[in-house]
Amino acid sequence: MTITIRDCESADLPATVAIFNELIPTTTIAWTDVLITVEGRHQWWERHRARSFPVLVAIDAATTEVVGMASYSDFRNTAGFEGYRFSVEHSVHVRGDQRGNGIGRSLLDGLIDRARQAGVHVMVGAVDADNVDSLRFHERMGFTEVARMPEVGWKHDRWLDLVLIQRILS
């Protein structure tokens, strides 16, 4: 499969919504029960663009379909606490039927390149402790576990543990 990584365009937003929403009802990857809307995602995308935060998509060359997305934004409250301005929190999601094909790696590589160009020092991720596949993926990508926070989330009638991971980029 040939994949192209590029900046997200407005026309890509419905596909990114579908990728994210497929996680919500059945997994603890996204700690929400509320499906996102294209309108809400458009507002999110515009906020990212206004801050020069990248939103990347992976396009399957054969079908021209969006099969993954990645982004980063402020880690904590950079506007209120500028000491965090060299750190970002990232997110990578691949369509369920395309996981394990190297798409996540391509997206994260692209995101890390953008972060370095922007002068980012540290990239942080927050991963559900039960998402072993994501934790292993990030470890292979050079991320290190830096904290485990027991029972800070709730979904599917149970407490969830959060794992914070990071990679120093510079």
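The rules we used
Residues numbered from 1 in each chain as written. Predicted model: local features only at pLDDT ≥ 70, side-chain atom pairs only at ≥ 80, totals over all residues. Heavy atoms only, no water. Pairing = 2+ DSSP bridges. Helix = DSSP H or I, 4+ residues; strand = E, 2+ residues; numbered from the N terminus. Right-handed = clockwise from strand over helix to strand, strands pointing away. Axes fitted to C-alpha atoms, helices over the stretch in contact; angles between N-to-C directions. Parallel < 35°, antiparallel > 145°, perpendicular 65-115°, else oblique. Contact = heavy atoms within 4.5 Å. Nonpolar A, V, L, I, M, F, W, Y, C, P; charged D, E, K, R; others polar. 1 Å grid on protein atoms, 1.4 Å probe; cavity = no way out; pocket = protein on both sides within 12 Å on 5 of 7 lines; lining within 4 Å. Points joined across faces, edges and corners; volume = space filled by probe spheres on them.

Examining the pairing of strand 4 (residues 87-94)
Across 7 bridges, strand 3 (residues 66-74) lies against strand 4 in antiparallel orientation. For Tyr72, the partnering residue across the bridge sits in strand 4 and is His90. Pairing geometry for strand 4 and strand 5 (residues 122-128), over 3 bridges, is parallel. Bridge pairing links Ser87 to Val122 in strand 5. Crossover strand 4 to strand 5 through helix 3 (residues 103-117) is right-handed.

Describing the packing of helix 1 (residues 13-21) against helix 2 (residues 38-50)
In contact at an axis separation of 9 Å, helix 1 and helix 2 are set at 110° when each is read in the N-to-C sense. Put simply, helix 1 runs roughly perpendicular to helix 2. Contact with helix 1, carried on its side by Leu13, Pro14, Thr16, Val17 and Phe20, involves Val38, Arg41, His42 and Trp45 of helix 2 and no other residues of that element. For the contact of helix 1 with helix 2, the per-class residue count stands at 6 nonpolar, 2 polar and 1 charged.

A word on the layout of surface pockets
Quantified by volume, the largest pocket comes out at close to 1100 Å³. Around the largest pocket, the lining comprises 39 residues; the ones closest to its centre are Ile29, Val92, His93, Ser134 and His138. Taken together, the elements giving at least two residues each to the lining of the largest pocket come down to helix 2, strand 3, strand 4, helix 3, strand 5 and helix 4 (132-140). For the lining of the largest pocket, the residue count by class is 16 nonpolar, 15 polar and 8 charged. Counted as a void, the second largest pocket has a volume near 170 Å³. Considering the residues around the second largest pocket, the lining is formed by 14 residues, among which Phe53, Arg85, Val88, Ala118 and Val120 are closest to the centre. Counting only elements with at least two residues in the lining of the second largest pocket, the list comes to strand 3 and strand 4. Here the lining of the second largest pocket is composed, by residue class, of 7 nonpolar, 4 polar and 3 charged.

These values are about where atoms sit, not about what they do.
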